[in-house]
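Structural characterization, general
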Amino acid sequence: MTGQHTVAVLGGGSFGTVIGNIIAGNGHRVALWLRNQQLAMRINATHENGDYLPGYRLASGLTATSNLQEALAGVDIVFVAVPSKSFRDVVRSVAELVPADTMIVSLTKGIEPSGFRLMSEILREELPANPLGVLSGPNLAREIAEGHVSASVAASDNPDVTQTLHQVLHCNAFLVYASQDMYGVELGGALKNIYAILSGIGAALAFGENTMGMLLTRALAEMSRFAVEKGANPLTFLGLSGVGDLFVTCSSPLSRNYQLGMAVARGQPIEAVLAGMDQVAEGLNTLELVKREADRLHVPMPLVSGLYAILYEQREVVDVFDSIVHREQAQDVEFVTRPL
Ligand SMILES: NC(=O)C1=CN([C@@H]2O[C@H](COP(=O)(O)OP(=O)(O)OC[C@H]3O[C@@H](n4cnc5c(N)ncnc54)[C@H](O)[C@@H]3O)[C@@H](O)[C@H]2O)C=CC1
Ligand SMILES: O=C(CO)COP(=O)(O)O
């Protein structure tokens, strides 16, 4: 597909807004769909999404609407940027409104509770004939809005999809790289949220940089171990959607998952932290699902088990941390020593 595209972005939170704006800035027509009609009207009047990204000027090619049918009329690409718990409901509605040649791309970093499905698997089930892809990488929305150069991975088993994503999104401040490992790219984006919570706890408790470096590297080891077991290519985890996103989210106070970890370590009950957040932190839900799946598959994930014990079993961080360190595997880079 070449030339100008007509695009819908579903979900007018922070990430949907920046992705829609990059595409509109590249000269394509974008409809941003959100449920809040008042906010949609304000976005169109002010060219700013004041609820999520105040001060971030939106391109004139972006129009907000709260009418899904209107947002999807005549589009050739649909991006879905709603939290994972709402993802299937939203794409089910999309399936009734778009033809089979409309490209559908997930921006969501999470896992569906029943059946441990990633978003691309939900897309495949709900829109079996459509070309599908995912976009994932170290992409803090606020930093993109501030104009910091960022990069992301467009992943699909269909080369038309990766090429089209490059065409609509790539620009000086937002670089798009390609991958064929859709599952691995998505899994990296979902798993790193768990370790961002852990890093937030470490930051609140003033862990040293040596300790944080160890946690990050061991996180990558156990993510890759889990990925191999789930059939993803662990080498994908060395790219932007793996180590890149792990590093960013585990080091930034802008990350909602990191903020969650910090707040809990400072003694706030999880329920109170979640109630006070007006944006989604996917990592808590992902932690529970990954813990269950890792136990089922007998994959050792000491950091996941440790964080689970802290958040769900009210165990003391210091005790848990001791047991994590002592339960760790002795091999450093273990996944390359096993057959892929
Ligand atoms: N904010 C970021 O820096 C990045 C976020 N992501 C991922 O993108 C997804 C969305 O994240 P954000 O935009 O940051 O979250 P957000 O919390 O800022 O926005 C989510 C939006 O989805 C809307 N929503 C929730 N349920 C809905 C439903 N059933 N129908 C329609 N709209 C619904 C909410 O009202 C909200 O406007 C998450 O999975 C997140 O992990 C990915 C990359 C970066
Ligand atoms: O995915 C993100 C950055 O790449 C955003 O992380 P949070 O959801 O923790 O804010």
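In short, a report on the structure. Just so we're clear, the structure is a prediction, and the values are computed from it rather than from any experiment.

**What about the packing of helix H13 (residues 283-297) against helix H14 (residues 302-312)?**
- Two elements in contact, H13 and H14, have axes whose closest approach is 10 Å; the angle formed by their N-to-C orientations is 125°. As judged from the angle between their axes, H13 and H14 are oblique. The handedness of the crossing between H13 and H14 comes out as left-handed. Along its contact with H13, which presents Leu284, Leu287, Val290, Lys291 and Ala294, the element H14 presents Val304, Ser305, Leu307, Tyr308 and Leu311.
- Partitioning the contact of H13 with H14 into residue classes produces eight nonpolar, one polar and one charged.

**A word on unusual backbone geometry**
- Phi angles above zero are rare outside glycine, and His47 is one such case at about 55°.
- In this fold, His47 is placed in the loop between helix H2 (37-46) and strand S3 (62-65).
- We note that Phe116 has phi near 50°; this positive angle belongs to a residue other than glycine.
- Tracing the backbone through its elements, the reader meets Phe116 in the loop between strand S6 (111-112) and strand S7 (117-118).

**Thoughts on helix H7 (residues 159-169)**
- Every buried residue of H7 is accounted for by Val161, Thr162, Thr164, Leu165, Val168 and Leu169. Seen along its axis, H7 keeps its buried residues to an arc of 165°; they face one direction. Relative to its buried face, H7 has exposed residues pointing more than 90 degrees away, namely Pro159 and Asp160.

**A word on the site of ligand 1**
- Around ligand 1 sit 26 residues in total, of which Gly13, Phe15, Ser86, Ala141 and Gln279 are the nearest.
- Only helix H1 (14-25) and helix H4 (84-95) provide two or more residues apiece to the shell around ligand 1.
- Considering each element in turn, the shell around ligand 1 owes the most residues, four residues, to H4.
- Class assignment of the residues belonging to the shell around ligand 1 gives a composition of eleven nonpolar, eleven polar and four charged.
- Structurally, the shell around ligand 1 is a two-domain feature, drawing no fewer than three residues from each of domain 1 (6-180) and domain 2 (184-326).

Cut-offs used in this document
- Residues numbered from 1 in each chain as written.
- Chains lettered and ligands numbered in written order.
- Predicted model: local features only at pLDDT ≥ 70, side-chain atom pairs only at ≥ 80, totals over all residues.
- Axes fitted to C-alpha atoms, helices over the stretch in contact; angles between N-to-C directions.
- Helix = DSSP H or I, 4+ residues; strand = E, 2+ residues; numbered from the N terminus.
- Parallel < 35°, antiparallel > 145°, perpendicular 65-115°, else oblique.
- Left-handed = near helix turned anticlockwise from the far one by under 90°.
- Contact = placed C-beta atoms within 7 Å.
- Nonpolar A, V, L, I, M, F, W, Y, C, P; charged D, E, K, R; others polar.
- Buried ≥ 20, exposed ≤ 12 C-beta atoms within 10 Å, placed from the backbone.
- Arc of directions from axis to C-beta.
- Near = placed C-beta within 6 Å.
- Domains from an automatic or database assignment.

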